[in-house]
Amino acid sequence: MKTGLCRWLLAVSILGLLSACAGERPNNLGVTDGRLAPCPASPNCVSSQVEGEGQRIAPLSFSGDAEAAFARLVQVLRERKDAMIIDQTDDYLHVEFSTTFFVDDGEFLLDRQQQAVAVRSASRRGYSDLGKNRRRIEEIMRAFGQAGSSP
């Protein structure tokens, strides 16, 4: 009997710890004055709208119809097993990316004039993400480019 109770308590404790790793959704996400939220000082964020080399990443570039390009991005994100679109407008996406223990926030902002999509991806918890946000955005860039070159 004690063994069953101990296992149950252990399982509940582990689930509690794992849910704590996800963190709460930040309240600073979205577009303010045509820009995505700035990255925090920690290295677990990348953005195409920051100046610092360590956090800077290129925006998604496209040619042709902006709406078609944004729809292509939505499709790329829907095909990812780790992505869930939380908020979507005509020119903005907020996506939650789930890993084994953590949830990260991705944002995408369509800039029709520049023919680009600004990107931001940040961890909710911790200091370092060991480059996970950068690698994820680079994967999305490759998939976006490949989807655009398909007949």
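Data block above holds the structure.
Structure report, in brief. Predicted model only: the values in this text are computed from it and were never measured.

**Some words on the pattern of salt bridges**
According to the stated counting rule, one finds 8 salt bridges in the structure shown. As a salt-bridge pair, D82 and R80 come within 2.9 Å of each other at their nearest N and O atoms. Overall, D82 belongs to the buried group, its relative accessible area being 17%. The salt bridge involving R136 is made with D82; its shortest N-O contact spans 3.5 Å. Pair noted here: R136 is in helix α3 (residues 132-149) and D82 is in the loop between α2 (66-78) and β3 (83-88), with a separation of 54 residues, a long-range link. In this pair, the class of R136 matches that of D82, namely buried. Residues joined by salt bridges that share partners form a network here, namely R80, D82, D104, R136 and E139.

Rules used throughout
- Residues numbered from 1 in each chain as written.
- Predicted model: local features only at pLDDT ≥ 70, side-chain atom pairs only at ≥ 80, totals over all residues.
- Heavy atoms only, no water.
- Salt bridge = Lys/Arg side-chain N within 4 Å of Asp/Glu carboxyl O.
- Buried < 20%, exposed > 50% of the residue type's maximum accessible area, 1.4 Å probe, protein only.
- Helix = DSSP H or I, 4+ residues; strand = E, 2+ residues; numbered from the N terminus.

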